[in-house]
Amino acid sequence: MVTSHRFIVTGLLALVFTLPLHSKTPLYKKADAPVDARVEDLLGRMNLDEKIGQLNQRAYWHNDEGRKLFDPMIEAGGLGSLMNVNDPASADRLQRIAVEKSRLGIPLLIARDVIHGYKTIFPIPLGQAATFSPEIAREGARIAAVEASSDGVRWTFAPMIDIARDARWGRIAEGCGEDPYLTSVMADAMVRGFQNGDSVGSPTSLAACAKHFVAYGAAEGGRDYNATGVSERELRQTYLPPFKSALDAGAMTFMASFNANDGVPSSCNKRILTDILRKEWGFDGFVVSDCFSVRELVPHRVAANEAEAAVKCLTAGVDMDMEDGIYAAHLDSLVKAGLVSVDDIDRAVRGILRTKFMLGLFENPYVVTQQSVKYAPSHLAAARRAALESAILLKNDGDVLPFDRTKVRKLLITGPMADARYNQLGTWIFDGEKEHTVTLLDAFRDIYGDSLEIVYSPGLGNPRKSDPETMAAAVAAAADADAIVVAVGEDAILSGEGHCMADLGLVGGQSQLVGQLKATGKPLVMIVMAGRPLAIGREADMADAVIYSFHPGTMGGPALADLLMGRESPSGKTPVTFPSTSGQCPIYYNHANTGRPATGAELGIADIPDDAGNTFLGCTSYYLDAGHKPLYPFGYGLTYTTFAYSDLALDKEQYAPDGTIHVSFTLTNTGKREATEVVQLYTADLVASVTPSVADLRRFDRVRLAPGESRRVEFDLPVSELAIVGSDLVSRVEPGEFSLRVGPDSTRGCETKFSVK
Ligand code: BGC
């Protein structure tokens with residue numbers, strides 16, 4: 001009796017404690033509830049301070065001061081995101097405060113710039129673009145996400161998808177170059193890689209951040225942070241499409257850019273952040289400011305003080321304030337003063353909460369991924385493949401490459417980038433470690449050292465040095481070598497944020513070094529590792545062969561050695577136009593024709609007769625001292641075989657605006673080696689209501705063929721993709737004639753015409 005009574009009491013107690021507890025589990029904590037419902041439920045429970053806290057992002061300090069500042073801030077719900085936490089113990093410790101000690105247990109969003117790899121460093125994004133392989137870009141992003149999430153990072157500030165037409169701008173390194181279509185394809189691939197496709201809630205996914213929104217790459221004079229003057233028509237035609245592509249791929253966050261376009265800093269540009277991004281495109285994630293860019297409205301001189309800057313940025317559509325703490329400091333009083341509405345704050349909080357729910361942070365706030373994923377053999381192999389496919393053969397006179405092993409038995413390796421462990425990783429590597437880099441010299445010694453005598457002489461200590469003695473030593477070492485490989489380029493620090501150059505020539509004594517090596521008469525192969533297309537015309541003329549690899553990352557050495565030795569054939573193509581001289585910038589292939597296009601018959605300064613009259617030169621659009629042609633056009637790259645394009649055919653001559661053009665042509669490997677060709681399809685609108693581009697890339701593919709092999713290559717191109725943005729800002733296909741070309745780059749190939757009715 002007593003026992004049964006005890007049972008009853010215990011049972012009742014259990015009911016009392018479990019039932020209410022169960023029924024009180026707030027909706028936002030229920031993993032199976034719809035995300036929108038969870039967001040609204042949580043929002044409804046938050047007080048104003050907690051809401052403002054979610055809009056606050058700070059960079060962590062890994063010291064006692066950091067703990068003292070951030071621990072209580074997190075516990076009070078005063079922080080939505082922390083950046084630069086990059087070890088699992090700190091990530092879990094900080095997350096535990098947020099999840100277990102703050103009133104509502106909202107997890108932190110831990111962010112980091114994971115741009116082209118976390119530990120295993122891939123080629124810089126511009127180099128990845130040179131592969132014309134979305135698969136390489138997707139895999140690179142996926143691997144970066146797996147490695148970064150092992151340290152607690154769940155949000156990357158990538159992909160950077162700013163169109164850049166001026167190589168002086170140091171951040172050209174971080175993007176995919178000048179072409180909106182190529183950049184859009186890569187943006188899609190990178191977003192899917194970071195966010196793990198549809199499995200964005202898995203513990204190894206990172207939320208992607210499409211940046212920098214927008215037109216940042218059009219900085220006047222190629223000087224970073226400078227003003228831009230891109231019309232809305234041009235924004236829609238050229239600069240916005242990659243961002244739309246990132247959004248369509250599921251990018252959960254966007255970053256506002258630093259620049260003021262047409263007088264309006266992006267951080268307070270309502271037209272861009274609200275009218276286009278949210279209302280027109282339906283974005284429901286959140287926008288983060290760039291670092292301190294809310295505060296920077298004051299030096300931009302569009303806000304008198306920080307409070308005014310906060311009002312402008314929040315109401316324009318910047319949801320999270322990166323690093324400057326201005327939202328945290330001012331929003332409360334601004335709401336009380338009626339200058340900011342709670343609705344605006346709720347809008348911002350919603351996007352942030354939605355992202356946290358979608359990432360699965362409420363269910364899995366702590367680090368799950370194993371540390372051993374870092375530098376996993378499969379990651380290194382993928383980075384090597386990326387470096388291999390990104391290398392561009394620009395010149396190969398007399399087929400000096402690949403080296404003929406019967407003739408090249410002793411090889412001189414020289415130049416400041418031949419053994420540049422740190423510099424070959426490129427810009428924006430916060431977590432890459434040079435100890436893991438495999439340089440060109442390492443690779444030759446490790447892979448080919450048994451069959452080849454390798455002599456190494458650095459030539460120059462780093463690319464900026466100019467030391468006659470080290471140069472002389474390299475030249476002397478060339479005396480009994482059968483061939484020379486000279487690796488030149490730029491230090492990583494010469495490109496990237498805030499690192500712009502007015503002169504695109506090789507820095508330091510590198511040009512002299514190449515000249516002196518040339519004078520030895522030995523076969524000379526020049527490798528260039530750089531963050532941008534450099535104006536290397538003079539040095540390329542001196543070299544027998546040139547391979548451009550941008551900064552190739554951790555595994556650049558073996559990739560390049562394999563190419564030089566013929567284990568693989570080059571397949572990269574220029575993702576940007578290479579200027580012949582800095583003064584040609586901005587330069588890009590998809591420019592308008594002008595009313596006076598250059599004909600190619602123009603005279604240069606040396607050919608002008610004395611006392612020539614004012615109109616003698618004919619007045620076309622070119623430079624007297626540099627012509628109108630670039631050093632290498634967009635899409636250009638050679639390989640160890642030759643390819644022929646033939647039998648271009650379209651399925652019709654005329655198409656409806658909603659039709660699809662079926663394009664086919666034959667590609668033949670006419671040389672003696674197996675290789676991959678990046679085939680490219682361009683169209684041009686021959687007459688339009690506004691000046692159209694002379695050519696626009698519409699499709700590309702990598703096609704691998706054995707010697708003598710032919711393949712019919714086919715593309716389907718919806719006519720809707722030929723739309724042009726009119727002066728009324730509406731994008732539409734304009735009826736009329738178009739030309740269509742397939743070929744190896746933006747200037748050559750087989751051409752045909754069709755019309756749209
Ligand atoms: C850069 C961003 C970067 C951010 C955070 C800024 O200076 O412009 O691209 O994501 O810093 O490090």
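The model shown is predicted, which means the values in this text are computed figures rather than measured ones.

Caption draft 1: Here's a closer look at the sheet that holds strand E22 (residues 710–718). Pairing within the open sheet is antiparallel, and its 3 strands lie in the order E17-E19-E22. Each of the sheet's edge strands pairs with one partner strand only, and the pair in question is strand E17 (643–650) and E22. The average angle at which neighbouring strand axes cross in this sheet is 25 degrees, direction not considered. Relative to E22, strand E19 (residues 660–669) runs antiparallel, the two being bridged by 9 bridges. If you follow His-662 over to E22, its bridge partner there is Asp-716.

Caption draft 2: Spotlight on helix H15 (residues 342–358). The first and last C-alpha atoms of H15 sit 24 Å apart over 17 residues, in line with the 24 Å expected at 1.5 Å per residue. Counted residue by residue, H15 has 12 buried out of 17 residues, so it is predominantly covered. Those residues of H15 that sit buried are Ile-345, Asp-346, Arg-347, Ala-348, Val-349, Gly-351, Ile-352, Leu-353, Arg-354, Thr-355, Lys-356 and Phe-357. The positive-phi residue at the C-terminal boundary of H15 is Gly-360, with phi of around 80 degrees.

Caption draft 3: Inspection of the nonpolar core at higher detail. Ranked by size, the top nonpolar core spans 105 residues in total, and within it Trp-155, Phe-213 and Phe-254 carry the most contacts. The residues contacting Phe-213, other than those within four sequence positions of it, are Leu-240, Phe-243, Phe-254, Met-255, Ala-256, Ser-257, Ser-266, Ile-272, Leu-273, Leu-277 and Trp-281. Grouped together as the second largest cluster of nonpolar side chains are 47 residues, Ile-124, Leu-394, Ile-484 and Cys-585 included.

Caption draft 4: Inspection of helix H11 (residues 270–280) at higher detail. Inspection of H11 places Ile-272, Leu-273, Thr-274, Ile-276, Leu-277 and Arg-278 among the buried residues, and these make up the whole buried set. Tucked into the core, H11 has its buried residues touching strand E5 (209–213), helix H9 (232–239), strand E6 (253–256), strand E9 (286–288), helix H13 (306–316) and H15. The backbone nitrogen of Arg-271 lies 3.2 Å from a side-chain oxygen of the residue at the head of H11, namely Asn-269. Immediately downstream of H11, the backbone of Gly-282 shows phi near 75 degrees, a positive value.

Caption draft 5: Seen up close, the sheet that holds strand E1 (residues 56–59). Within the open sheet, the 5 strands sit side by side as E4-E3-E2-E1-E10. Their pairing is parallel. For this open sheet the edge positions go to strand E4 (155–156) and strand E10 (321–322), each flanked by a neighbour on one side alone. Of the strand pairs in this sheet, strand E2 (residues 81–83) and strand E3 (residues 109–112) are connected by 3 bridges, and their pairing is parallel. Bridge pairing in E3 links Met-83 to Ala-111.

Analysis parameters
- Throughout, residues of each chain are indexed from 1 in the direction in which the sequence is written.
- The predicted origin of the model limits local features to residues at a pLDDT of at least 70 and limits the giving and counting of side-chain atom pairs to 80 or more, whereas totals for whole chains, interfaces and linings rest on all residues.
- In computing side-chain properties, one takes all heavy atoms of the structure into account and sets aside hydrogens as well as water.
- Any two strands between which DSSP finds at least two bridges are classified as paired.
- Numbering goes from the N terminus for both helices and strands, where a helix is a DSSP run of H or I of at least four residues and a strand is a run of E of at least two.
- What counts as an axis is a line fitted to C-alpha atoms, over the stretch in contact for a helix, and the angles between N-to-C directions run from 0 to 180 degrees.
- Given a helix with a known number of residues, its expected span is that number minus one, times 1.5 Å.
- Using a 1.4 Å probe on the protein chains alone, a residue whose accessible area is under 20% of its type maximum counts as buried, one over 50% counts as exposed, and one in between counts as partly exposed.
- For this analysis, a nonpolar core means a set of buried residues of the types Ala, Val, Leu, Ile, Met, Phe, Trp, Tyr and Cys, connected via side-chain atoms within 4.5 Å.
- It only takes one pair of heavy atoms within 4.5 Å for two residues to be counted as in contact.
- Counting of polar contacts relies on pairs of N or O atoms within 3.5 Å, with two restrictions inside protein: one atom must be capable of donating a hydrogen and the other of accepting it, and residues adjacent in sequence are counted only when both atoms are side-chain atoms.

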